[in-house]
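The lines below spell out each chain.
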Amino acid sequence: MSDTPNEDELTGGAPTPAGRKSVERIGDRKLKPSTMMMGHGYDPMLSEGALKPPIFLTSTFVFPNAAAGKRHFEGVTGKRPGGSEGLVYSRFNGPNQEILEDRLGVWEEAEDALAFSSGMSAIATLFLSMVKPGDTIVHSGPLYAATETLIGRILGKFGVNWLDFPAGATREEIDAVLRQAAGNGNVALIYLESPANPTNALVDIQAVAASRDAIFTGETKPPIAIDNTFLGPLWLQPLKHGADIVVYSLTKYAGGHSDLVAGGVLGTKEHINTIRSMRNTIGTICDPNTAWMLMRSLETLELRMSRAGENAIKVCEFLRTHPNVERVGYLGFLESTPGMERQADIYRRHCTGAGSTFSLIVKGGEKEAFAFLDALKIAKLAVSLGGTETLASHPAAMTHLSVPEERKQALGITDNLVRISIGVEDADDLIADFAQALDSF
Ligand SMILES: *Cc1c(COP(=O)(O)O)cnc(C)c1O
């Protein structure tokens, strides 16, 4: 016997679902996600030794024999649970998407994961797989605008009901809404988004899970899904706090370069199998090229998010001291903001970082906010977030333009509120840019 570890020690003896071996531990040491992003789920020897996975541009896959084809279809059609053991047709899956899914799951230690063509197609596929006419979706509010449209206007047309509670709700408030929903029939899904956009209000996932477990039993217990786009996977891992399913717009921090649109869903095998059958039917999977770009992005995810988070701390510390700034709505300041004790408590229990997306409330109104935005030289004026570059936008006049005035007031979407997503530039350069823009009005 030699001193070098044998293959089973290197792999932990765990072949990935498609049979590709992966290094998940060395001896007793479980490898960290940032290490696993370089090779997990990919065997170069299956691709002529190519260090990086090739992009598999093919619409269909050849079966080794007819019996194998039959077995694969038993998996695809759900006759046998767990999906296909091999590749069949590119609407169902492909090598790039499977490797990506294996790697996505690693960050939150999820049992399984799925990749989608957009964040919204991920959310739509999740909803379609879980609800039927007469069911109720209970959700935190506000939600990403397109998600609210999907629940209220589109699923509503098919007889699906909804009830919501405010993102910052207490256990008692959550209990009251869940009890009311339970009294109205089947609650199919509890759907959360935290922090809420653009208020940054955090949802108490632990309280939602405790409330769900107290009010529902057995078969009637609805799964808890959460949109983790703003803080995941680095700063918030909802599966560890009681959520069953995590949803991502991978367009944002995960993609991270503002050059692709994609989505993801993570969770238990059971839930993922349900969602996978719907994806197989309607074809909301992401394409191989996007999957490949996302794999490249995941290699630097921790580097990018860490740097953006450190930059945001420095920039926000500067912004809060500037005379033309009324307030900075940044999660890192919850602890030191009077009246925010409950939110600070949720933050302490759930989050490991404050992220890099926040609200800047300037002194004045739309005129001052627009003057600030128009004066920026480094930060780009665009919606979206989580990219390597710093972006700034004006929710009241842009993303939330169609929200009725009353609701805007209730959500605190005022004319002097600017949304900022900090990138990975030099922090002092960004501070110089914000300083000159704030001095311009
Ligand atoms: C962007 C976004 C979405 C939608 O994702 P797409 O990739 O644009 O479809 C959903 N939820 C949140 C919180 C988002 O920021």
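Residues numbered from 1 in each chain as written. Predicted model: local features only at pLDDT ≥ 70, side-chain atom pairs only at ≥ 80, totals over all residues. Heavy atoms only, no water.

Novice: I would appreciate a short explanation of the domain arrangement of the protein chain in the present structure.
Specialist: When the parts of a complex come together, some accessible area is lost, and that lost area is often used as the size of the interface. Per the domain assignment, the segments of the protein chain are domain 1 (113-297) and domain 2 (301-438). Computed from C-alpha coordinates alone, the two centres of domain 1 and domain 2 are separated by 24 Å. Facing 32 residues of domain 1, the contacting portion of domain 2 comprises 38 residues. When domain 1 packs against domain 2, close to 3100 Å² is buried across both sides, 56% of that on carbon and sulfur atoms. It is Pro-198, Trp-235 and Tyr-253 in domain 1 that bury the most area against domain 2; as a group they hold 25% of the surface buried on that side. At the boundary of domain 1 with domain 2, the tally comes to two salt bridges. (Domains from an automatic or database assignment. Contact = heavy atoms within 4.5 Å. Buried area = accessible area lost by both parts, 1.4 Å probe. Salt bridge = Lys/Arg side-chain N within 4 Å of Asp/Glu carboxyl O.)

Novice: What is the right way to look at the state of the cysteines in this model?
Specialist: Structurally, a disulfide amounts to a covalent bond that connects the sulfur atoms of two cysteines. Within this structure, the stated rule accounts for zero disulfides. For the unlinked cysteine Cys-316, the closest cysteine sulfur is that of Cys-351, found at 15 Å. Judged by its relative accessible area of 0%, Cys-316 is buried. (Disulfide = S-S within 2.5 Å. Buried < 20%, exposed > 50% of the residue type's maximum accessible area, 1.4 Å probe, protein only.)

Novice: When you look at the pairing of strand β3 (residues 112-116) in this model, what are you seeing that I'm missing?
Specialist: Here is the key point about a regular strand: its side chains alternate between the two faces of the sheet. The buried fraction of β3 is high, at five of five residues. Of the two faces of β3, the one lined by Asp-112, Leu-114 and Phe-116 and the one lined by Ala-113 and Ala-115 are each fully buried. Here β3 runs beside strand β9 (residues 263-267); their pairing, made up of five bridges, is antiparallel. From the neighbouring strand, Phe-116 faces β9, where its bridge partner is Gly-263. (Helix = DSSP H or I, 4+ residues; strand = E, 2+ residues; numbered from the N terminus. Pairing = 2+ DSSP bridges.)

Novice: Even after reading the chapter, I still don't get the sheet that holds β9, so can you show me in this structure?
Specialist: Two pairing modes exist for strands in a sheet, parallel and antiparallel, and in both the strands are linked by backbone hydrogen bonds. Sheet architecture is open: seven strands sit in the order β3-β9-β8-β7-β6-β4-β5, paired in mixed fashion. Because the sheet does not close on itself, it has two edges, and the strands there are β3 and β5 (161-166). On average, each strand axis in the sheet is inclined to that of its neighbour by 20°, with strand direction left out of account. Looking at chain direction, strand β7 (residues 224-227) and strand β8 (residues 245-249) are connected through three bridges and run parallel. In the strand pairing of β8, Ala-225 is matched with Ile-245. Each of β3, β8 and β9 touches helix α9 (residues 269-282); the most contacted strand, β3, lies at about 25° to it. (Axes fitted to C-alpha atoms, helices over the stretch in contact; angles between N-to-C directions.)

Novice: Even after reading the chapter, I still don't get the environment of Leu-401, so can you show me in this structure?
Specialist: Turning to its location among the elements, Leu-401 is positioned in the loop between β13 (391-393) and α14 (405-411). Between the alpha carbons of Leu-401 and Ile-413 there is a distance of 9.9 Å; along the sequence they are 12 residues apart. Among all residues touching Leu-401, those that are not within four sequence positions of it are Pro-395, Ala-396 and Lys-408.

Novice: Would you take a moment to explain the nonpolar core for this structure?
Specialist: The nonpolar side chains of a soluble globular protein tend to be buried with one another. If you look at the biggest cluster of nonpolar residues, it comprises 90 residues, and the most contacted ones within it are Phe-372 and Phe-434. Here the element with the most residues in this core is helix α11 (residues 301-319); it accounts for six residues. Per-domain counts for this core show at least three residues from each of domain 1 (113-297) and domain 2 (301-438). Judged by nonpolar contacts, the second largest core, of 24 residues, contains Leu-114, Phe-116, Ala-122 and Leu-126. (Core = buried A, V, L, I, M, F, W, Y, C linked by side-chain atoms within 4.5 Å.)

Novice: I tried to follow the packing of helix α5 (residues 119-130) against α9 on my own but got confused; where do I start?
Specialist: Running from N to C, α5 and α9 point in directions that differ by 110°, and their axes come no closer than 9 Å. If you check the angle between α5 and α9, you find them roughly perpendicular. In this structure, α5 uses Thr-125, Leu-126, Leu-128, Ser-129 and Met-130 to contact α9, whose residues at the interface are His-271, Thr-274, Ile-275, Met-278, Arg-279 and Ile-282. Residue classes in the contact of α5 with α9 are distributed as six nonpolar, four polar and one charged. (Parallel < 35°, antiparallel > 145°, perpendicular 65-115°, else oblique. Nonpolar A, V, L, I, M, F, W, Y, C, P; charged D, E, K, R; others polar.)

Novice: What exactly am I supposed to notice about the packing of helix α4 (residues 95-107) against helix α10 (residues 288-299) here?
Specialist: Geometrically, a packed helix pair is captured by the angle between its two axes and the distance between the axes. As a packed pair, α4 and α10 sit with axes 9 Å apart at the nearest point and diverge in direction by 35°. α10 is crossed by α4, and the crossing has left-handed handedness. In this structure, α4 uses Asn-96, Gln-97, Ile-99, Leu-100, Arg-103, Leu-104 and Trp-107 to contact α10, whose residues at the interface are Pro-288, Ala-291, Trp-292, Leu-294, Met-295 and Leu-298. When grouped by side-chain class, the residues that make up the contact of α4 with α10 number 10 nonpolar, two polar and one charged. (Left-handed = near helix turned anticlockwise from the far one by under 90°.)

Novice: I'm lost on the sheet that holds β13 in this one. Help?
Specialist: One open sheet holds the five strands; their spatial order is β10-β11-β14-β13-β12, and the pairing between them is mixed. A single partner strand is all that each edge strand has here, and the edge strands are β10 (325-329) and β12 (380-381). Pairing of β13 with strand β14 (residues 417-421), which is carried by three bridges, proceeds in the antiparallel orientation. Its bridge partner lying in β14, Leu-391 is registered against Ser-421.

Novice: Can you help me understand α11 in this one?
Specialist: Think of an α-helix as turning once every 3.6 residues; residues three or four places apart then point the same way. Relative to the 27 Å expected for 19 residues at 1.5 Å per residue, α11 spans 26 Å between its end C-alpha atoms, a close match to the ideal helical length. Here the buried face of α11 lies against α4, α10, β10, β11 (357-362) and α15 (427-438). (Expected span 1.5 Å × (residues − 1).)

Novice: Explain the site of the ligand to me, please; I cannot follow it from the model alone.
Specialist: In the vicinity of the ligand there are 13 residues, among which Met-120, Asp-227, Ser-249, Thr-251 and Lys-252 approach most closely. The contact in question runs from an oxygen atom of the ligand to an N or O atom on the side chain of Lys-252, over 2.7 Å. Here the ligand, which alone exposes 380 Å², has 92% of that area covered by the protein. For the shell around the ligand, the residue count by class is five nonpolar, five polar and three charged. (Near = heavy atom within 4 Å. Polar contact = N/O pair within 3.5 Å; in protein donor to acceptor, adjacent residues only side chain to side chain. Areas by Shrake-Rupley, 256 points an atom, 1.4 Å probe, with all protein chains shown as cover.)

Novice: Explain the packing of aromatic side chains here, please?
Specialist: By convention here, two paired aromatic rings are described through the distance between centres and the angle between planes. Taken as a whole and assessed by the stated rule, the structure comprises seven aromatic pairs. Measuring from centroid to centroid gives 5.7 Å for Trp-235 and Tyr-253, while their planes differ by 85°, and the two rings are edge-to-face. Within this pair, whereas Trp-235 is found in the loop between β7 and β8, its partner Tyr-253 is found in the loop between β8 and β9, the two being separated by 18 residues in sequence. The buried category is assigned to Trp-235, whose relative accessible area is 8%. Since its relative accessible area comes to 2%, Tyr-253 is described here as buried. (Phe/Tyr/Trp six-rings, centres within 6.5 Å; stacked < 30°, edge-to-face > 60°.)

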